[in-house]
Amino acid sequence: MIWTSGNHPSLMPTIINVGAKGKPFNKYTFADDVLKKVTPVNWWKPLKHLYSETVEVIISLLTAVASSAGVERIFSSFGLIRSKLRNRLGPEKAGKRVFLFQIMNKQENEGITSTILASPELKITSMVRMKKCFFKGSLRSLLPLAVRSLIRFNKLNISNTSGMAKGYKQANVVILHKSLADDFEKFCHANDGPLPLLYRSKPGEWKCPSLSSNSDIRTDCLQYRIYEYGACTGTSTSLKDYFDQLKDMVTFYLGCSFSFEKAAHKVGVPLRNVEQKCNVSMYKTDMPCCRVASFCCNLVVTMRPIPEDQLEAVVEATYPLKDSHGAPVHIGNPGLLGIQNLSSPDYGDPVQPHPQDVPVFWACGVTGVEAVSNCKSPLAFTHSPGCMFITTLKNEDAPVHNSKEIPMVHCISQNPLHYSIASETAVRKIRELESLIGIDPGDRGVKHLCCQDELLKTCLSLSHARSVLITTGFPTHFNHEPPEENDGPPGAIAMAAMLQSLEKDVVIVTDQRAMGLNKKIIEDGVQQGVLKTPVPLLSYQGDAAESALMFLCENGNLERPRFDHLIAIERAGMAADGNYYNARKVNIKHLVDPIDELFLAAHNIPGVTTTGIGDGGNELGMGKVKEAVRKHIKNGDVIACDVEADFAIVAGVSNWGGYAVACALYILNTCEIHDRYLRKAIGFPRLSKKANWASALPSITKEEKLLKTLIQHGVRSGVTASLEMEVDGLPFYNIHSVIIEKLLEQIP
């Protein structure tokens, strides 16, 4: 090495470049004779892989212009900003970046900068490293203190904080007079979906040490709104002019959906508002929050278009983040929330969806802004929507749901588009119910008609419904009076009892000739405790072309349906030739009112869903599986019902389908995830009503009483026409009673 340096100095840079990579050459690399023959720059360059940042700084020194300015620039803020590619910065942009660099130097106990500056051995490389970490990136990479400092000194030309300080929680802000603070805190707890409370300050407290260090709520929001007696009288970038008033005011920091954007991005869900560099869209809904004292308002939501195939991913990613609004409160058509036009948000910017995107709505902290406006206090302040306070709490450090449940998403309607959410456990139990009722004790081939999740989707839809129509009645015994069979009414009453306990409006529709019989059955059911209150009884004759529409909608107006869901259980269904047949191919049309017309009309009414429950394929609604009926059911080519429902629940005995619906509704409404979605994360959980719902469940005792009542009224078994304790020729004891028992075993 030394000989080469004396005789062939031109080879030295190459030899050092190779030699520096191996330990045996290190002692020669630093030999005096070698150092004398090689220029300093050529000597240091090969060592860059060993001492990268140090070498970069030293080379900058060795190649500096031979003047004090050239050397000083190496250690100046501007010197770190300017590069070969960034050499045309104007004074304004350069000044902002220099300001940013100075903020970085002042950060204490936050992230990479403080670690570097606190370490003497790294001091020489700290500025180079910060240059790589920050100046080559965007403002979204900044740490919270840096962003707040830029905001405090009004150095940012941005309209919102979406995507800023990625990975850190952001907060909505409400500042009220101390006399209102207790009531507003109660309002937050009563509506913790839109208003998850992160911190409540003391009167006159500018800082919030549990959320951030070195913060000042008077200056650290991008923009504030000023409210006087409920009216927004202006905006400001600072509240320091209100120093005296703020001494008697309390600040509330509330969770923000911007905080979950990283979690969504992490699982590959695109966020259109971030892609389009705009504020998220925010809308007022027609969903009233739970009122507390003078605080009342409707829920405000944010909307993000999400690809349909990633709905479950975004729900699962956001569900645990309860301090950032948690899981969505609605997925699908905005009209179901009272939102008329997605292109005209009440706050924020319109966000353009991509094809196959579905509107997904989360509860929003701007609900607090609406509450402040409605309480009409003499003076109040809030953040401007989208202009959040950025905390130093990392999203992964935030409290999460203790529940280990996983939310699952299911489409329950296409017109309007509507999805619902339930826990994996609830879905599994309901699928087990569907499996239990799908057995075929009569060996009629009904297993070939079964479609998975029809029970689940039916009950999710019923859970969202406000008003339900149930129809039943199959006059198979045309030679007897009454001609009805005893499969159908018990299942209808079981569903009605549960729906009533869930505070739904329920009616039963049947044939005009059977009104008296059904009235007696319902009255007896109330006396026996099977029903708590009588179910209204209606008939439908279809006298005119518009009869069905007038029956289902107020004054025939499609926008004002009387019922959200129609269920037919063991109801005679019209075949392709317009007749009604029992299982033996006997035409019983003369005994059947045209209630099918209601189901046909419902297909054209947005927001109305239909379900058919049957056990032979000739029941109303089974048109959905008519091809399977024709192929696998005896006489199916003739008796198959041609009228289809949105969902078709197939059971070994139709009554079992009714019992399963009642049990599934109980499972859903005691599911925390589904309950929250139903009430849009406003108000309190409804689990206090669990005992009332449980009392409405079917039981062996109840069904035994009801079957005896039917026998007393002459209602016979469908297969045998017997007046014994049997349904469809199967004994109540040891068959039906066992099914009821197994269904109830799935109840949590």
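Keep in mind the model is a prediction, meaning the values are calculated, not measured. (Residues numbered from 1 in each chain as written. Predicted model: local features only at pLDDT ≥ 70, side-chain atom pairs only at ≥ 80, totals over all residues. Heavy atoms only, no water.)

### Some thoughts on the overall build of the protein chain
Piece 1. Secondary structure assignment for the protein chain yields 31 helices and 21 strands.
Piece 2. Expressed as a percentage of its 748 residues, the buried residues of the protein chain come to 57%.
Piece 3. A fraction of 74% describes how many contacts in the protein chain between residues 6 or more apart in sequence connect residues 24 or more apart.
Piece 4. For the protein chain, the exposed area adds up to about 31800 Å²; of that, 51% sits on carbon and sulfur atoms. (Helix = DSSP H or I, 4+ residues; strand = E, 2+ residues; numbered from the N terminus. Buried < 20%, exposed > 50% of the residue type's maximum accessible area, 1.4 Å probe, protein only. Contact = heavy atoms within 4.5 Å. Areas by Shrake-Rupley, 256 points an atom, 1.4 Å probe, with all protein chains shown as cover.)

### Comments concerning the environment of Ala-146
Piece 1. The topology assignment puts Ala-146 in helix 12 (residues 144-152).
Piece 2. When the C-alpha atoms of Ala-146 and Ala-165 are compared, they prove to be 8.9 Å apart, with 19 residues separating the residues in sequence.

### Observations regarding the confidence of the model for the protein chain
Piece 1. Chain-level pLDDT for the protein chain is 88 on average; 83% of the residues reach the 70-or-more range.
Piece 2. Across residues 107-137, confidence stays below pLDDT 50; counting only partners more than four residues off in sequence or on other chains, it has 61 contacts. (pLDDT = per-residue confidence, 0-100.)

### Topic: the packing of helix 19 (residues 424-437) against helix 31 (residues 732-744)
Piece 1. Interaxial distance between helix 19 and helix 31 falls to 10 Å at its minimum, and their mutual angle equals 170 degrees. Classified by the interaxial angle, the pair formed by helix 19 and helix 31 is roughly antiparallel. Residues Leu-433, Leu-436 and Ile-437 of helix 19 pack against Ile-739, Lys-742 and Leu-743 of helix 31.
Piece 2. Taken together, the residues of the contact of helix 19 with helix 31 sort by class into five nonpolar, no polar and one charged. (Axes fitted to C-alpha atoms, helices over the stretch in contact; angles between N-to-C directions. Parallel < 35°, antiparallel > 145°, perpendicular 65-115°, else oblique. Nonpolar A, V, L, I, M, F, W, Y, C, P; charged D, E, K, R; others polar.)

### Looking at unusual backbone geometry
Most peptide bonds take the trans configuration, and most residues that are not glycine carry a negative phi.
Piece 1. Asn-415 connects to Pro-416 through a cis peptide bond whose omega is 0 degrees.
Piece 2. Structurally, Pro-416 can be placed in the loop between strand 12 (407-414) and strand 13 (417-423).
Piece 3. Despite not being glycine, Gln-356 shows a phi value in the positive range, around 75 degrees.
Piece 4. Even without a glycine there, the phi angle at Asn-734 is positive, about 80 degrees.

### Here's the deal with the sheet that holds strand 7 (residues 298-307)
Piece 1. Strand order in the open sheet formed by six strands is 6-7-9-8-13-12, with antiparallel pairing between adjacent strands. Each edge of the sheet is formed by a strand with only one pairing partner; in this case those strands are strand 6 (281-288) and strand 12. On average, each strand axis in the sheet is inclined to that of its neighbour by 35 degrees, with strand direction left out of account.
Piece 2. Where strand 8 (residues 330-332) and strand 13 come together, two bridges link them in antiparallel fashion. When the sheet's bridge partners are listed, Ile-331 is paired in strand 13 with Tyr-419.
Piece 3. Packing against the sheet, helix 18 (residues 366-375) makes contact with strand 6 and strand 7, and its axis sits at approximately 160 degrees to strand 7. (Pairing = 2+ DSSP bridges.)

### Concerning the packing of helix 30 (residues 700-712) against helix 31
Piece 1. As a packed pair, helix 30 and helix 31 sit with axes 10 Å apart at the nearest point and diverge in direction by 135 degrees. One finds that helix 30 runs oblique with respect to helix 31. As helix 30 packs across helix 31, the resulting crossing turns out to be right-handed. Residues Ile-700, Glu-703, Glu-704, Leu-707 and Lys-708 of helix 30 form the contact with helix 31, whose own contacting residues are Phe-732, Tyr-733, Ser-737, Ile-740 and Glu-741.
Piece 2. Here the contact of helix 30 with helix 31 is built from residues that sort into five nonpolar, one polar and four charged. (Left-handed = near helix turned anticlockwise from the far one by under 90°.)

### Description of the packing of aromatic side chains
Piece 1. Here the structure, examined in full by the defined rule, presents twelve aromatic pairs.
Piece 2. Note on Phe-184 and Phe-295: the rings are 5.2 Å apart at their centroids and 70 degrees apart in plane angle, and the pair reads as edge-to-face. In this pair, Phe-184 is assigned in helix 13 (residues 178-190) and Phe-295 in the loop between strand 6 and strand 7, connecting sequence segments 111 residues apart. The pair Phe-184 / Phe-295 is uniform in exposure class, with both members buried.
Piece 3. Between Phe-187 and Phe-295, the ring centres sit 6.1 Å apart and the planes meet at 35 degrees, which makes this aromatic pair tilted. Linking Phe-187 in helix 13 with Phe-295 in the loop between strand 6 and strand 7, this pair joins segments that are 108 residues apart in sequence. (Phe/Tyr/Trp six-rings, centres within 6.5 Å; stacked < 30°, edge-to-face > 60°.)

### Topic: the nonpolar core
Piece 1. Of all hydrophobic cores here, the largest spans 89 residues; its most connected members are Ile-331, Leu-455, Ile-470, Met-498 and Val-661.
Piece 2. In terms of residue count, helix 27 (residues 654-669) provides more of this core than any other element does, eleven residues in total.
Piece 3. If we ignore the near neighbours within four places in the chain, the residues touching Val-661 are Leu-455, Cys-459, Leu-462, Met-495, Ile-613 and Ile-649. (Core = buried A, V, L, I, M, F, W, Y, C linked by side-chain atoms within 4.5 Å.)

### Brief notes about the side chain of Gln-746
Piece 1. By the secondary structure assignment, Gln-746 is in the segment after helix 31.
Piece 2. If we skip the residues at most four places from it in the chain, Gln-746 touches Lys-429, Glu-432, Leu-433, Leu-436 and Ile-667.

### Things to note about the pattern of salt bridges
Piece 1. In this structure the tally under the stated criterion is 27 salt bridges.
Piece 2. For Glu-704, the salt bridge is made with Lys-708, and the minimal N-O distance between the two is 4.0 Å. Here Lys-708 and Glu-704 lie together in helix 30, a separation of four residues that amounts to about one turn.
Piece 3. Accessibility expressed as a relative area gives 41% for Lys-708, which makes it partly exposed.
Piece 4. A single salt-bridge network, built from bridges that share partners, covers Glu-484, Asp-511, Arg-513 and Arg-571. (Salt bridge = Lys/Arg side-chain N within 4 Å of Asp/Glu carboxyl O.)

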